4 protein chains.
Amino acid sequence: MADHGHAENVTFRQCAHLATPDHVTADFCLIPMGTPTASVSQHIANIQKFLATSGIKYSMHSAGTTLEGSWDEVTKVIGQAHTLLHNQGVVRIQSDIRIGSRTDKVQSIEDKVSVVEKILQDDTAKPATEE
Amino acid sequence: MADHGHAENVTFRQCAHLATPDHVTADFCLIPMGTPTASVSQHIANIQKFLATSGIKYSMHSAGTTLEGSWDEVTKVIGQAHTLLHNQGVVRIQSDIRIGSRTDKVQSIEDKVSVVEKILQDDTAKPATEE
Amino acid sequence: MADHGHAENVTFRQCAHLATPDHVTADFCLIPMGTPTASVSQHIANIQKFLATSGIKYSMHSAGTTLEGSWDEVTKVIGQAHTLLHNQGVVRIQSDIRIGSRTDKVQSIEDKVSVVEKILQDDTAKPATEE
Amino acid sequence: MADHGHAENVTFRQCAHLATPDHVTADFCLIPMGTPTASVSQHIANIQKFLATSGIKYSMHSAGTTLEGSWDEVTKVIGQAHTLLHNQGVVRIQSDIRIGSRTDKVQSIEDKVSVVEKILQDDTAKPATEE
């Protein structure tokens, strides 16, 4: 069954034409390497400024920056962030990217947090049953 | 100085035209979610078959699959792997991607390992100076 | 020179006694696998409740949860989160962890964000020099 | 039901006593920051030498090093690798760790690869049904 991912149902000749996902959330942590100091805040600030002009939906936190858009949009923007810093003299850059797609619903960055917070609030409102 | 990443040297109007890096190495670990069992080997095998037809340079190991090519090529292929499994019934997929670019040289997957192994061999050949 | 990491300066006999770093920031994204549905919000909520009782400093965002403490504390807590969900019936769990340590200063989760925001504010306050 | 992770089944008072998993596979990519050059091969070689003396099961590849052992063992060794490089003068280090645990079986690093390769071989042996 296709549900179990059995290979015999896959027509690999058609794979070259596979589209990438329409909607993803991604989170990236970009690390400049071989820089004169261990501080990377100026580089991160430059990327935030770039993101502000890019039109992509983004949100910075202490361990990375979260993006929302199509697969192609978010991966392009991260690649451009690499080039931006390379153009400023950073010779080597390594990024860690967490990227997720789903077909059952479109879930925004905000939805992902609010659904967990809702559960936590509902639990608090309930009489405790734990021992 | 550009080396320190000062923002005043960046012309952000031009950022929309930034290219993505020509050559990267990337390593991805793709995780199907909400699948009937905890086993994902069939899904991983399907992706390997897809990669074999894709023309991209790739190498599987126990914790992921390493790719080499342009930024656009490697990120597209990983996105297509998501779509491949979605088309086979996997409703949610999360990938962790490590991706690196550098401007000082073109370093292949093989180079990265061999340069470390060379150092280890040279150290072994030397008389030990450790206490 | 030690600065260049030359191996001849390392006394590997002593490595078994190496301590782990005193202070780190870590960010983890935990993924339950083989669960009946693609939704993991209840699992994430359970982990948040556990973290609240653990005494560790933590902060949830849409792509993971950030922790601050010693290396041993933060890695232990993430491991306990695995066990917590295993005990609730999740047979397989994969986490992605970003973890950083530095010896030049103690930098909190809040510091990492505020230093970037400070740069962005200062840039905004300056007369624009970009073309 | 416990299977669905409902919080009401969790006794959080007991969480402080939760053990970490007995057996995990982990893969880490360690990045020295603020180093004089973009090359990190000497640092990686030093870590390989340390791992060789540590007694942990490990395997290097071009995008990281895979470890197998208990949660506590593998996370301790990675933390010690941070300290090793800090002691050699690296002021800042960021690692990306993929770590997985499962309760249905003990799966070694080698098993994870061989089960996928077995599927690929079996598929090749079968008459092709793809169009």
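- Identification of chain A as Thiamine-binding protein domain-containing protein from Orbilia blumenaviensis is taken from an unreviewed UniProt entry.

## Structural notes on the state of the cysteines
So, point 1. Under the definition given, this model contains 0 disulfides over all chains.
So, point 2. Left without a disulfide partner, cysteine 29 of chain C is nearest to the cysteine sulfur of cysteine 29 of chain B, which lies 11 Å away.
So, point 3. For cysteine 29 of chain C, a relative accessible area of 13% corresponds to the buried category.

## As for the interface of chain D and chain C
So, point 1. Counting from both sides, the interface comprises 51 residues of chain D and, opposite them, 51 residues of chain C.
So, point 2. Between chain D and chain C the total buried area reaches about 4400 Å² when both faces are included, carbon and sulfur atoms providing 55% of it.
So, point 3. Connecting chain D to chain C are 0 salt bridges.
So, point 4. At the boundary of chain D with chain C, the tally comes to 17 residue pairs in polar contact (both at pLDDT 80 or more).
So, point 5. When the residues that make up the side of chain D that touches chain C are grouped by side-chain class, the tally is 19 nonpolar, 23 polar and 9 charged.
So, point 6. When strand β4 (residues 92-102) of chain C meets strand β4 (residues 92-102) of chain D, the two strands line up antiparallel, connected through 11 bridges. Residue arginine 92 of chain C lies in a different strand from β4 of chain D, and its bridge partner there is arginine 102 of chain D.

## A few points about the side chain of serine 62 of chain B
So, point 1. The topology assignment puts serine 62 of chain B in the loop between β2 (57-61) and β3 (64-69).
So, point 2. Discounting chain neighbours no more than four positions away, the residues touching serine 62 of chain B are Thr66, Ile109, Lys112 and Val113 of chain D.

## A short note on the relation of the copies chain D and chain C
So, point 1. The operation relating chain D to chain C is a screw motion whose rotation component is 180°, with 0.0 Å of axial translation and a residual RMSD of 0.0 Å. In short, the pair behaves as if placed about a two-fold rotation axis. Identified as the residue of chain D closest to the rotation axis by C-alpha distance is isoleucine 97 of chain D, at 2.4 Å.
So, point 2. Same-surface contact between copies: 100% of interface residues of chain D are shared with the interface of chain C.

Rules used in this analysis
- Residues numbered from 1 in each chain as written.
- Chains lettered and ligands numbered in written order.
- Predicted model: local features only at pLDDT ≥ 70, side-chain atom pairs only at ≥ 80, totals over all residues.
- Heavy atoms only, no water.
- Disulfide = S-S within 2.5 Å.
- Buried < 20%, exposed > 50% of the residue type's maximum accessible area, 1.4 Å probe, protein only.
- Contact = heavy atoms within 4.5 Å.
- Buried area = accessible area lost by both parts, 1.4 Å probe.
- Salt bridge = Lys/Arg side-chain N within 4 Å of Asp/Glu carboxyl O.
- Polar contact = N/O pair within 3.5 Å; in protein donor to acceptor, adjacent residues only side chain to side chain.
- Nonpolar A, V, L, I, M, F, W, Y, C, P; charged D, E, K, R; others polar.
- Pairing = 2+ DSSP bridges.
- Helix = DSSP H or I, 4+ residues; strand = E, 2+ residues; numbered from the N terminus.
- Least-squares fit on C-alpha atoms with pLDDT ≥ 70 in both.

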